[in-house]
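Single-letter residue listing:
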Amino acid sequence: MSRPELTAPADVFYSHTEARKYTQSSRVIEIQERLTERAVELLNFPDDGSCRLILDVGCGSGLSGDRLTELGHQWIGIDLSEAMLEHAREREVEGDVTRNDMGHGVPFRPGVFDGCVSISAVQWLCNADNSAHIPQRRLKTFFTQLYKCLKRGAKAVLQIYPDGPRQAEMITTAALRVGFSGGLVVDYPNSTRAKKYFLVLAAGPPESLPRAKGEDDDEDDYERRGMRMDGRKSDKGAKYRKSNNHKGKAWVMKKKEQYRNRGVHVANDSKFTGRKRKDRL
Amino acid sequence: MRLLAHNMLACNAKGVVNGFPLKIVVKETRETETEFNAEFLVHMLPKMEWAAFVNAAREIGAGELPGEIPDDAATNEEFLQAFHHALLEVHVEEGTLVCPESGRKFPINKGIPNMLLNEDEV
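Residues numbered from 1 in each chain as written. Chains lettered and ligands numbered in written order. Predicted model: local features only at pLDDT ≥ 70, side-chain atom pairs only at ≥ 80, totals over all residues. Heavy atoms only, no water.

Engineer: An account of the sheet that holds strand β2 (residues 90-98) of chain B is requested, with residue identities and associated values reported.
Structural biologist: All names here are of chain B. Across the sheet, which stays open at both edges, the four strands sit in the order β1-β2-β3-β4 with antiparallel pairing between neighbours. Looking along the sheet, the strands with just one partner apiece sit at the ends: β1 (23-31) and β4 (112-113). Taken together, the four bridges between β2 and strand β3 (residues 105-109) define a ladder with antiparallel strand orientation. Along β3, the bridge assignment pairs Gly95 with Ile108. Against the sheet, helix α4 (residues 77-89) engages β1 and β2, with an angle of about 65° to β2. (Pairing = 2+ DSSP bridges. Helix = DSSP H or I, 4+ residues; strand = E, 2+ residues; numbered from the N terminus. Contact = heavy atoms within 4.5 Å. Axes fitted to C-alpha atoms, helices over the stretch in contact; angles between N-to-C directions.)

Engineer: Could you give me a rundown of the nonpolar core, with the residues and numbers involved?
Structural biologist: Phe108, Phe142, Phe143 and Leu146 of chain A are the most contacted members of the largest nonpolar core, which totals 83 residues. In contact with Phe108 of chain A, not counting residues within four places along its chain, are Leu55, Ile76, Ile78, Thr98, Phe113, Lys148 and Cys149 of chain A together with Met8, Leu9 and Ala10 of chain B. In terms of nonpolar packing, the next biggest core, distinct from the first, is built from 19 residues, Ala39, Val93, Ile119 and Val157 of chain A among them. (Core = buried A, V, L, I, M, F, W, Y, C linked by side-chain atoms within 4.5 Å. Buried < 20%, exposed > 50% of the residue type's maximum accessible area, 1.4 Å probe, protein only.)

Engineer: Please give an account of the pairing of strand β5 (residues 150-160) of chain A that cites residues and values.
Structural biologist: All names here are of chain A. The buried fraction of β5 is high, at eight of 11 residues. For the crossover that starts at strand β4 (residues 113-119), traverses helix α6 (residues 135-149) and ends in the parallel β5, the hand is right-handed. Where β5 and strand β7 (residues 196-203) come together, six bridges link them in antiparallel fashion. What sits directly across from Val157, in β7, is Val200. (Right-handed = clockwise from strand over helix to strand, strands pointing away.)

Engineer: Break down the UniProt feature "domain: Methyltransferase" (unreviewed entry) in chain A for me, with residues and values.
Structural biologist: UniProt tags residues 54-153 of chain A as "domain: Methyltransferase" (unreviewed entry). What you have in residues 54-153 of chain A is 32% helix and 25% strand, and the ends, taken at the C-alpha atoms, are 14 Å apart. (UniProt positions renumbered as here; feature names shortened; annotations may be inferred.)

Engineer: Describe a positive patch on the surface, and please don't skip the residues or the numbers.
Structural biologist: A cluster of basic residues, Lys247, Lys254, Lys255 and Arg262 of chain A, forms a positive patch at the surface. Secondary-structure assignment places Arg262 of chain A in the segment after α10 (249-261). (Patch = residues over 30% accessible without salt bridge, like charges linked within 9 Å, V, L, I, M, F, W, Y side chains within 5 Å. Areas by Shrake-Rupley, 256 points an atom, 1.4 Å probe, with all protein chains shown as cover. Salt bridge = Lys/Arg side-chain N within 4 Å of Asp/Glu carboxyl O. Lys, Arg positive; Asp, Glu negative; His and termini not counted. Charge placed at Lys NZ, Arg CZ, Asp CG, Glu CD.)

Engineer: Can you explain the interface of chain B and chain A? Please cite residues and give values.
Structural biologist: Facing 31 residues of chain B, the contacting portion of chain A comprises 33 residues. Across the chain B/chain A interface, buried area totals approximately 2,800 Å², and carbon plus sulfur atoms make up 54% of it. Interface area lost by chain B to chain A is led by Met8, Ile112 and Glu119 of chain B, which between them contribute 21%. The interface formed by chain B and chain A contains five salt bridges. Glu49 of chain B is the salt-bridge partner of Arg109 of chain A, the closest N and O atoms lying 3.7 Å from each other. (Buried area = accessible area lost by both parts, 1.4 Å probe.)

Engineer: Lay out the sheet that holds strand β3 (residues 96-99) of chain A in plain terms, naming residues and giving numbers.
Structural biologist: Residue and element names in this part refer to chain A. Spatially, seven strands are ordered β3-β2-β1-β4-β5-β7-β6 in an open sheet, and the strand pairing comes out mixed. The sheet is open, and its two borders are formed by β3 and β6 (180-187), each paired with just one other strand. The sheet shows a mean angle of 15° between the axes of neighbouring strands, taken without regard to direction. By the bridge criterion, four bridges tie strand β1 (residues 53-57) to β4 in an arrangement that is parallel. Among the inter-strand pairings, Asp56 is bridged to a residue of β4, identified as Val117. Contacts from helix α5 (residues 82-90) reach β2 (74-79) and β3 within the one sheet, and its direction differs from that of β3 by about 165°. Running over the sheet, helix α7 (residues 165-177) touches β5, β6 and β7 and is turned about 155° from β6.

Engineer: Describe the packing of helix α2 (residues 16-24) of chain A against α5 of chain A, naming the residues involved and giving the relevant values.
Structural biologist: Residues and elements named next belong to chain A. Two elements in contact, α2 and α5, have axes whose closest approach is 8 Å; the angle formed by their N-to-C orientations is 40°. As the angle between them shows, α2 and α5 are arranged oblique. Helix-helix and strand crossings are classified by hand; for α2 and α5 the assignment is right-handed. Contact residues: His16, Ala19, Arg20, Tyr22 and Thr23 in α2; Ala83, Met84, Glu86 and His87 in α5. Class assignment for the residues of the contact of α2 with α5 results in four nonpolar, three polar and two charged. (Parallel < 35°, antiparallel > 145°, perpendicular 65-115°, else oblique. Left-handed = near helix turned anticlockwise from the far one by under 90°. Nonpolar A, V, L, I, M, F, W, Y, C, P; charged D, E, K, R; others polar.)

This is the structure we're talking about:
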């Protein structure tokens, strides 16, 4: 697989010729649309059909944005390539596009976006195109500012093409380090061609936590499963008494009674009768 | 660039604490028609920096809006129509965005604001 990141910086690589592919090649368009659809699916919005404001990082000519519009969302996109953005404008996309380098952060107010998608863009951050570029620092700036501009609990789904497990780990670590929670979702992990990496991140705690058990109904669910609800102190002898390789207190008492009747001296009964002795070395 | 984007954009250059709202210097605007979606507008209301939005709408000639969001905003059809027009239908095609703190200028060409920073501004 060819890696465009290794040939030239993003603003040079995505020239007018390359940008044209993104508006004319039906194959490229189809792939972009499918990836966007999957990304939105992973954003996992509540199914209320309402319109949300989404940030599209690396929006390019707005193919992913078109899909977002079709799904009924408003979007704002950022991209580095001027040629791609001009194509987006020629195609009269519904969303707003701005030119920006994601390695410099995202220029938005805090807490405004309901979600973020990014299709095949973030791996570009791992490349140093000039002496001022330090991949780790660019990743950190990007994720810090992305976190800031997302609403609390909002999700970001970033589809990436890492060039190996180490790069995937580098991107994931950078995201988790700034406070995102989440991780990689790999679609079709066993196929070389269909394999797709999605970094699914949430800014802060998720919007709706699953309902806790035992809030209004009582504890019978736990009791049914045999979980004790009272106290933490465990009964250490329980396992021994339950197992079958000893005869039990009733058997000991019966035997003692028999010996007493025969006139043999037997120890008095106490609460310790029939118990196992402590393990000794 | 529509006011929807303008209301979210902020200058993120190094050392700038409050890069919002960016002042708009308009050279050219364009109007389009978009589908009216009351639900989205109501959803956006709490997110908007209203004072900045009203100012920006005045600067680009997108109509006058009340200084404060009316209490009955969700049902006030007239208000929502005006809000919709200013938010989604007026595009700034050519102009400049100016950071309120540092005075850094971001040009808008062919409707695309160029927020690209130099390496020493990051």
